[in-house]
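The primary structure of each chain is shown beneath.
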Amino acid sequence: MAPVKVFGPAMSTNVARVLVCLEEVGAQYEVVNIDFQAKEHKSPEHLARNPFGQIPAFQDGDVVLFESRAISKYVLRKYKSPDPEHDLLREGNLREAAMVDVWTEVEAHQYNPALSPVVYECLINPAMRGAPTNQKVVEESLEKLRKVLDVYEARLSKSKYLAGDFLSFADLNHFPYTFYFMATPHAPLFDSYPHVKAWWESLMARPSMKKLGATMAAGAKA
């Protein structure tokens, strides 16, 4: 079986979201780099894969997809474990699948909007755009993030993972941006949330995240 293709640099947060799912299910894949400096993301070839000229794009034979969360769900469905206990979407159990969906939405609409501006202001904008950190944006985002983490701390005091006592896509979704957040000066914020910190450390102990974390760290230094 030919490996699926993921278009975009592995150090990209949205690409990494897809890659961590591929690693978790043990699928063969090929990362096809997209050169932003050469504007390959706006080329006709890439626009045929992602009409918005963004990353990632994904190809599995004649199936071409874009949007990282949708691609990730496709991967988890295609390579679903025959053991229901290792189904990362839990689609065999209506209640559990609903909880996976809830916390996947929470990541997209509550957690990520609060945390990602800190990553952009402290890491991405200075490194990629030469722009100074906007401390006002950072402080406002951290205030929002504290409120979100209050909710996470309460949730994770009752279950090992977000959707329940089982690893799911809802947890994997948090990997890319949280990984980079931990490289900012504001990583100690998690020390105030012991259940959240323990959850994150359990995720980072997984082989998939160790492997991709090393790739992302190396890419960020390059």
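Computed from a predicted structure; not experimentally measured.

J.: Sorry, what's going on with the overall build of the protein chain here?
T.: If you tally the helices and strands in the protein chain, you get nine helices and four strands. Listed by position from the N terminus, the elements making up the protein chain come as β-α-β-α-β-β-α-α-α-α-α-α-α. A compact globule built from 222 residues should have a C-alpha radius of gyration of about 17 Å, and the protein chain, at 17 Å, falls within 12% of that. Judged by the C-alpha coordinates and their principal axes, the protein chain covers about 50 × 45 × 25 Å. Counting every position in the protein chain, which comprises 222 residues, the buried fraction comes to 45%. Accessible area for the protein chain stands at about 11,200 Å²; split by element, carbon and sulfur atoms hold 55% of it. Both charge centroids of the protein chain, one from 25 positive and one from 27 negative side chains, sit 2 Å from each other.

J.: Teacher, can you tell me more about the packing of aromatic side chains here?
T.: When we look at a pair of aromatic rings, we describe it by the centre distance and by the angle of the planes. Taken as a whole and judged by the stated rule, the model has nine aromatic pairs. With centroids separated by 5.7 Å and ring planes inclined at 70°, the aromatic side chains of phenylalanine 179 and tyrosine 180 adopt a geometry described as edge-to-face. For phenylalanine 179, a relative accessible area of 17% puts it in the buried group. Overall, the relative accessible area of 10% leaves tyrosine 180 in the buried class. Taken together, a centroid distance of 5.7 Å and an interplanar angle of 40° make the contact between phenylalanine 181 and phenylalanine 190 tilted.

J.: Explanation requested: the sheet that holds strand β4 (residues 63-66) in the structure shown.
T.: Pairing between sheet strands relies on hydrogen bonds along the backbone, with the strands arranged either parallel or antiparallel. The four strands are arranged β2-β1-β3-β4 in an open sheet whose pairing can be described as mixed. The two strands at the open ends of the sheet, each matched to only one other strand, are β2 (29-32) and β4. Pairwise comparison of adjacent strand axes, ignoring direction, gives a mean angle of 20° for this sheet. The pairing of strand β1 (residues 4-7) with strand β3 (residues 57-60) spans three bridges and is classified as antiparallel. Counterpart to lysine 5 in the pairing with β3 is glutamine 59. Contacting β1 and β2, helix α1 (residues 13-25) crosses the sheet at an angle of about 155° to β1.

J.: Please clarify how the side chain of arginine 90 should be interpreted in this entry.
T.: Inspection of the secondary structure puts arginine 90 in the loop between α3 (68-78) and α4 (94-129). When residues no more than four places from it in sequence are discounted, the contact partners of arginine 90 are Pro84, Glu85, Glu96, Ala97, Val100 and Phe166.

J.: Honestly, the packing of α4 against helix α5 (residues 135-156) in this entry has me stumped. Any pointers?
T.: To characterise two packed helices, one gives the angle between the axes of the helices and the distance between these axes. Contact pair α4 / α5: the axes reach a minimum separation of 8 Å and the direction vectors enclose 150°. In terms of axis orientation, α4 runs roughly antiparallel to α5. Two packed elements cross with a definite hand, and for α4 against α5 that hand is left-handed. Contacts between α4 and α5 involve Met99, Trp103, Val106, Glu107, Gln110, Tyr111, Ala114, Leu115, Pro117, Val118, Glu121 and Cys122 on the former and, on the latter, Val137, Val138, Ser141, Leu142, Lys144, Leu145, Val148, Leu149, Val151, Tyr152 and Arg155. Looking at the contact of α4 with α5 residue by residue, the class counts come to 17 nonpolar, two polar and four charged.

J.: Hey, could you run me through the pattern of salt bridges in this one?
T.: Any two side chains of opposite charge can pair if their charged atoms end up close together. By the definition in use, this model includes eleven salt bridges. Taken together, the shared-partner salt bridges connect Arg17, Arg69 and Glu107 into one network.

J.: How should I be thinking about the environment of lysine 80 in this particular structure?
T.: Here lysine 80 lies in the loop between α3 and α4. For the pair lysine 80 and aspartate 171, spaced 91 residues apart in sequence, the C-alpha to C-alpha distance is 17 Å.

J.: Please explain the nonpolar core as it appears in this structure.
T.: In summary, soluble globular proteins display a tendency toward joint burial of nonpolar side chains. Within the largest apolar cluster, 60 residues are counted, with the highest numbers of intra-cluster contacts made by Phe175 and Phe181. Sorting elements by how many residues they give to this core places α4 first, with nine residues.

J.: In this structure, what is going on with the UniProt feature "domain: GST N-terminal" (unreviewed entry) in the protein chain? I would like to understand it.
T.: Residues annotated by UniProt as "domain: GST N-terminal" (unreviewed entry) correspond here to residues 2-83. Helix makes up 37% of residues 2-83 and strand 20%. Its end C-alpha atoms lie 24 Å apart.

Analysis parameters
- Residues numbered from 1 in each chain as written.
- Predicted model: local features only at pLDDT ≥ 70, side-chain atom pairs only at ≥ 80, totals over all residues.
- Heavy atoms only, no water.
- Helix = DSSP H or I, 4+ residues; strand = E, 2+ residues; numbered from the N terminus.
- Rg over C-alpha atoms; globule rule 2.2 N^0.38 Å.
- Buried < 20%, exposed > 50% of the residue type's maximum accessible area, 1.4 Å probe, protein only.
- Areas by Shrake-Rupley, 256 points an atom, 1.4 Å probe, with all protein chains shown as cover.
- Lys, Arg positive; Asp, Glu negative; His and termini not counted.
- Charge placed at Lys NZ, Arg CZ, Asp CG, Glu CD.
- Phe/Tyr/Trp six-rings, centres within 6.5 Å; stacked < 30°, edge-to-face > 60°.
- Pairing = 2+ DSSP bridges.
- Axes fitted to C-alpha atoms, helices over the stretch in contact; angles between N-to-C directions.
- Contact = heavy atoms within 4.5 Å.
- Parallel < 35°, antiparallel > 145°, perpendicular 65-115°, else oblique.
- Left-handed = near helix turned anticlockwise from the far one by under 90°.
- Nonpolar A, V, L, I, M, F, W, Y, C, P; charged D, E, K, R; others polar.
- Salt bridge = Lys/Arg side-chain N within 4 Å of Asp/Glu carboxyl O.
- Core = buried A, V, L, I, M, F, W, Y, C linked by side-chain atoms within 4.5 Å.
- UniProt positions renumbered as here; feature names shortened; annotations may be inferred.

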